[in-house]
2 protein chains.
Amino acid sequence: MSNRITSLFSIQYPIIQAGMVWCSGWKLASAVSNSGGLGLIGAGSMTPELLLYHLNQMELHTTRPYGVNVPLLYSNIEAHIQVIETSPVPIVFTSAGNPALYTARLKAAGKTVVHVVSSAAFAEKAARAGVDAVVAEGVEAGGHNGKEETTTLCLIPLVKAAVSIPVIAAGGIASGRAMAAVIALGADGVQIGSAFAVAKESSAHERFKTAVLQSKEGDTVLTLKELAPVRLLKNNFYDEIKNAYTQHVGIEALRALLGKGRSKKGIFEGNLDEGELEIGQVAAQLKDEPTAEEIIHRILQEYRLTIDSIPYF
Amino acid sequence: MSNRITSLFSIQYPIIQAGMVWCSGWKLASAVSNSGGLGLIGAGSMTPELLLYHLNQMELHTTRPYGVNVPLLYSNIEAHIQVIETSPVPIVFTSAGNPALYTARLKAAGKTVVHVVSSAAFAEKAARAGVDAVVAEGVEAGGHNGKEETTTLCLIPLVKAAVSIPVIAAGGIASGRAMAAVIALGADGVQIGSAFAVAKESSAHERFKTAVLQSKEGDTVLTLKELAPVRLLKNNFYDEIKNAYTQHVGIEALRALLGKGRSKKGIFEGNLDEGELEIGQVAAQLKDEPTAEEIIHRILQEYRLTIDSIPYF
């Protein structure tokens, strides 16, 4: 069946792979698009040159629709936007910034534009900026996160009530049951991060993937709220953050502790001690490292079984 | 249709009204039970004498099954347990404490016993203690809360995988869509707090109900994590807590600031400045003050519409 999200993106299933730093280059994104979902290049960790390379690779490896996720607070954002404007990439997800800044320009370049939000107020702002859809991301999501700390279960109804454009749910979704749950809540599609971060085609380091697969409930935490809230796997680096909080250090000391390149170190280089291991709370449910195609097929199969068996009261 | 929860409690719908301090006396609990759900007396704010009074009133006002929620950390817990043992109340929900302490005794007195948990590990512990079901409560729930901060969307699949007894989902549920969502996730029933806290039959003060109904997204916060994590509506009292944190006061100063009787002051006496206004994140979705019967009927109607219209992909 088609719905507003499959129609908007011309894809088979309303399953979107989140654009994730150090995980989602052309290998993962093309595998997702080739399996009937929407694959996104995660531009956040890329130079404009590297982004261009990955976009070119997408043209070589899929004939299906695909997209790119761009954090608008990225220091070299203008260069990223120029790469995207002149690339054939049809879909752009923007996040972490003001949707009023680039939406009109991207629309003028013929792109379908989606903005990631953490509240109904931001969803309204994005809709006013002219985006075609929003991703509503709950506090259980990995990586950078909204300040409101609204959970996906509480967020989706508020966003649905606030905007009439399609809503993609994100945060805590890694199974067909969770997909059925957020579709029941009113979402038109799902964006899935953590499960694809450990997919075979993810460019994350094997040590990072293993740490995610071995993690248990309570092993992720939302921290560094004074800088930009981020959900990560507890490790040595997080112990240092906790220690800093115990000593009541200021925001500048926290910024210095975070430093630069922490997520590359953790996710891409597999330095589990010093790296920032960004992952969602749903990590505790992940048990193996399937291909992107297997992930999509498992989710769809479980989704269908679930909606066929929901009891009537 | 019946399921494991309706069968366990001999009720019509798998909708349980949470036992809430200062909200759920016999008026609310009997209205819920008389409408086909399961009403619970919230014993947490009661002396043993008052609990006995409310249990006796339940016998006068409903012929349907009902229950009582007892926080096991309550200072006079032994007196509460003795009141319950000798009362005809058929169902006991225990929370905030070790399920190994009283489960066998309550079962020996012929009660159906349910324990409230915030993690799969606690669910396993409760199952080993012999409870008949668990309530799995996510971090979006109002009032006292687990330390794990796992959201309902992430918690239910973990608890379902950990135990074979029925699982009741709690936290973030105030609509038929949310009920469909957690049933799709695998829950066998729902426990609903905030929506019933503002029901006509709730004994909460009108000023508290109005504050809840006027609240917006982001207006609740999980705080006092060093004592016992509690989700409350932001107010003057919360500003004092924030101020205390800014000054890095210790746990004893926080305990002194909390003092005694804060929730009574806020919820029962309607002192919105000095009181502790315990409510869930779902408060932002609540718009009016229906009767318990209206709440249950609205939820069931929306639930049925939802499961009839979930698209197949």
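Model, not experiment: these values are computed from the prediction.

Rules behind the numbers
- Residues numbered from 1 in each chain as written.
- Chains lettered and ligands numbered in written order.
- Predicted model: local features only at pLDDT ≥ 70, side-chain atom pairs only at ≥ 80, totals over all residues.
- Helix = DSSP H or I, 4+ residues; strand = E, 2+ residues; numbered from the N terminus.
- Rg over C-alpha atoms; globule rule 2.2 N^0.38 Å.
- Buried ≥ 20, exposed ≤ 12 C-beta atoms within 10 Å, placed from the backbone.
- Contact = placed C-beta atoms within 7 Å.
- Least-squares fit on C-alpha atoms with pLDDT ≥ 70 in both.
- Pairing = 2+ DSSP bridges.
- Axes fitted to C-alpha atoms, helices over the stretch in contact; angles between N-to-C directions.
- Core = buried A, V, L, I, M, F, W, Y, C linked by C-beta atoms within 7 Å.
- Right-handed = clockwise from strand over helix to strand, strands pointing away.
- Domains from an automatic or database assignment.
- Nonpolar A, V, L, I, M, F, W, Y, C, P; charged D, E, K, R; others polar.
- Arc of directions from axis to C-beta.
- Left-handed = near helix turned anticlockwise from the far one by under 90°.
- pLDDT = per-residue confidence, 0-100.

Peer 1: Whenever I open this one, the overall build of chain A confuses me. Can you help?
Peer 2: For chain A, the helix and strand inventory stands at 14 helices and eleven strands. For chain A, whose C-alpha radius of gyration is 18 Å, the value lies close to the compact-globule estimate of 20 Å for 313 residues. Summarising its shape, the C-alpha atoms of chain A cover approximately 55 × 50 × 35 Å along the three principal directions. Here chain A, with 313 residues, has 58% of them falling under the buried criterion. The contacts of chain A with a sequence gap of at least 6 include a subset with a gap of at least 24, amounting to 64%.

Peer 1: Help me understand the relation of the copies chain B and chain A, please; the structure alone is not making it clear to me.
Peer 2: Two copies of the chain are present, and they differ by a rotation about an axis and a shift along that axis. With an RMSD of 0.0 Å, the operation that places chain B on chain A is a rotation of 180° combined with a shift of 0.0 Å along the axis. Each copy turns onto its partner about a two-fold axis. Of the C-alpha atoms belonging to chain B, the one lying closest to the rotation axis is found on Ala181 of chain B, 1.9 Å away. Here 100% of the interface residues in chain B have copies in chain A that are interface residues too; the copies meet face to matching face.

Peer 1: Even after reading the chapter, I still don't get the sheet that holds strand β4 (residues 91-95) of chain A, so can you show me in this structure?
Peer 2: Sheet strands pair via backbone hydrogen bonds, and the direction of the pair is either parallel or antiparallel. Residues and elements named next belong to chain A. The eight strands lie next to each other as β1-β9-β8-β6-β5-β4-β3-β2, forming an open sheet whose pairing is parallel. Because the sheet does not close on itself, it has two edges, and the strands there are β1 (15-17) and β2 (39-42). Sheet twist, expressed as the average angle between the axes of neighbouring strands with direction ignored, equals 25°. Strand direction decides the pairing type here: strand β3 (residues 66-71) and β4, joined by five bridges, are parallel. Each residue of the ladder has a partner; that of Asn69, found in β4, is Phe93. Strands β1, β2 and β3 of the sheet are contacted by helix α2 (residues 26-34), whose axis makes an angle of about 165° with β2.

Peer 1: Please explain the nonpolar core as it appears in this structure.
Peer 2: Taken as a class, soluble globular proteins show a tendency for nonpolar side chains to be buried jointly. Val134 and Val182 of chain A together with Val134 and Val182 of chain B are the most contacted members of the largest nonpolar core, which has 212 residues in total. Once you skip the residues sitting within four places of it in the chain, Val182 of chain B turns out to touch Ala181 of chain A together with Thr152, Ile156, Ala169, Ile173, Ala187 and Val190 of chain B.

Peer 1: Can you help me understand the interface of chain B and chain A in this one?
Peer 2: Think of interface size as the accessible area that goes away when the parts come together; that is how it is often given. Facing 44 residues of chain B, the contacting portion of chain A comprises 44 residues. Going through the elements one at a time, α7 (152-162), α8 (176-185) and α14 (292-309) of chain B are the ones with two or more residues in the side of chain B that touches chain A. With eight residues, the single largest contributor to the side of chain B that touches chain A is α8 of chain B.

Peer 1: Quick question: what am I supposed to make of helix α7 (residues 152-162) of chain A here?
Peer 2: Helical periodicity: at 3.6 residues per turn, an α-helix aligns residues three or four positions apart in one direction. Most of α7 of chain A sits out of view: ten of its eleven residues are buried. Three or more residues of α7 of chain A are buried, namely Thr152, Leu153, Cys154, Leu155, Ile156, Pro157, Leu158, Val159, Lys160 and Ala162 of chain A.

Peer 1: Help me understand the pairing of strand β2 (residues 39-42) of chain B in this model?
Peer 2: Look at any regular strand and the pattern is simple: side chains alternate between the two faces of the sheet. All names here are of chain B. The alternating pattern of β2 places Gly39 and Ile41 on one face and Leu40 and Gly42 on the opposite face, and all of these are buried. By the bridge criterion, four bridges tie β2 to strand β3 (residues 66-71) in an arrangement that is parallel. Looking at the pairing, Gly42 lines up with Asn69 of β3. Since β2 and β3 lie parallel, the crossover through helix α3 (residues 48-61) that links them has a hand, and here it is right-handed.

Peer 1: Is there a simple way to think about the domain arrangement of chain A in this case?
Peer 2: Residue and element names in this part refer to chain A. Taken as a whole, chain A is organised into domain 1 (4-203 + 286-309) and domain 2 (206-282). Here the C-alpha centre of domain 2 lies 23 Å away from the C-alpha centre of domain 1. Within the residue set of the side of domain 1 that touches domain 2, elements represented by two or more residues are β7 (143-144) and α9 (194-197). Of the residues that constitute the side of domain 1 that touches domain 2, the class distribution is ten nonpolar, ten polar and five charged.

Peer 1: In this structure, what is going on with helix α10 (residues 206-214) of chain B? I would like to understand it.
Peer 2: All of the buried residues in α10 of chain B are Phe208, Lys209, Ala211 and Val212 of chain B. Buried residues of α10 of chain B fall within an arc of 160° about the axis and therefore sit on the same side.

Peer 1: I keep staring at the environment of Asn56 of chain B and nothing clicks. Help me out?
Peer 2: When you line up the elements, Asn56 of chain B lands in helix α3. Each C-alpha atom of the pair Asn56 of chain B and Ser87 of chain B lies 8.1 Å from the other, and the pair is 31 residues apart in sequence.

Peer 1: I'm lost on the environment of Lys107 of chain B in this one. Help?
Peer 2: Among the secondary structure elements, Lys107 of chain B is positioned in helix α5 (residues 103-108). When the C-alpha positions of Lys107 of chain B and Ile91 of chain B are compared, they lie 9.7 Å apart, and in sequence the two are 16 residues distant.

Peer 1: Would you explain unusual backbone geometry in this entry?
Peer 2: Peptide bonds are, in most cases, trans, and in most cases residues other than glycine have a negative phi. In the Ramachandran plot, Ser10 of chain A falls in the positive-phi region, its phi being about 55° despite a non-glycine side chain. With 13 C-beta atoms counted inside 10 Å, the residue Ser10 of chain A sits in the partly exposed group. Even without a glycine there, the phi angle at Leu224 of chain B is positive, about 50°. Position of Leu224 of chain B relative to the elements: it lies in the loop between β10 (220-223) and β11 (230-233).

Peer 1: Is there a simple way to think about the packing of helix α6 (residues 120-128) of chain A against α7 of chain A in this case?
Peer 2: Helix-helix packing: each pair is described by the crossing angle between the helix axes and the interaxial distance. Residue and element names in this part refer to chain A. The N-to-C vectors of α6 and α7 enclose an angle of 35°; their axes lie 8 Å apart at closest approach. Helix-helix and strand crossings are classified by hand; for α6 and α7 the assignment is right-handed. Along its contact with α6, which presents Ala120, Ala123 and Glu124, the element α7 presents Leu158, Val159, Ala161 and Ala162. Residues belonging to the contact of α6 with α7 are distributed by class as follows: six nonpolar, no polar and one charged.

Peer 1: What am I meant to see in the sheet that holds strand β10 (residues 220-223) of chain A here?
Peer 2: Residue and element names in this part refer to chain A. Spatially, three strands are ordered β7-β11-β10 in an open sheet, and the strand pairing comes out antiparallel. A single partner strand is all that each edge strand has here, and the edge strands are β7 and β10. Two strands pair when backbone bridges link them, and β7 and strand β11 (residues 230-233) are joined in this way by two bridges, in the antiparallel orientation. If you follow His144 over to β11, its bridge partner there is Val230.

Peer 1: Can you help me understand the confidence of the model for chain A in this one?
Peer 2: Across chain A, pLDDT averages 97, with 100% of residues at or above 70. Interface scoring of the predicted complex returns ipTM 0.97; its pTM is 0.98.

Peer 1: Explain the pairing of strand β9 (residues 189-192) of chain B here, please?
Peer 2: Residues and elements named next belong to chain B. Side chains Gly189 and Gln191 project from β9 onto one buried face, and the interleaved Val190 and Ile192 project onto a second face that is buried too. As defined by bridge partners, strand β1 (residues 15-17) adjoins β9 across three bridges and the pair is classed as parallel. Residue pairing across strands places Gln17 opposite Ile192, the latter belonging to β9. Where the polypeptide runs from strand β8 (residues 167-170) across α8 and back to β9, its parallel neighbour, the crossover connection is right-handed.

Peer 1: Would you explain the environment of Glu252 of chain B in this entry?
Peer 2: Relative to the assigned elements, Glu252 of chain B resides in helix α12 (residues 251-258). Spatially, the C-alpha atoms of Glu252 of chain B and Leu227 of chain B are 9.2 Å apart, while their sequence positions differ by 25 residues.

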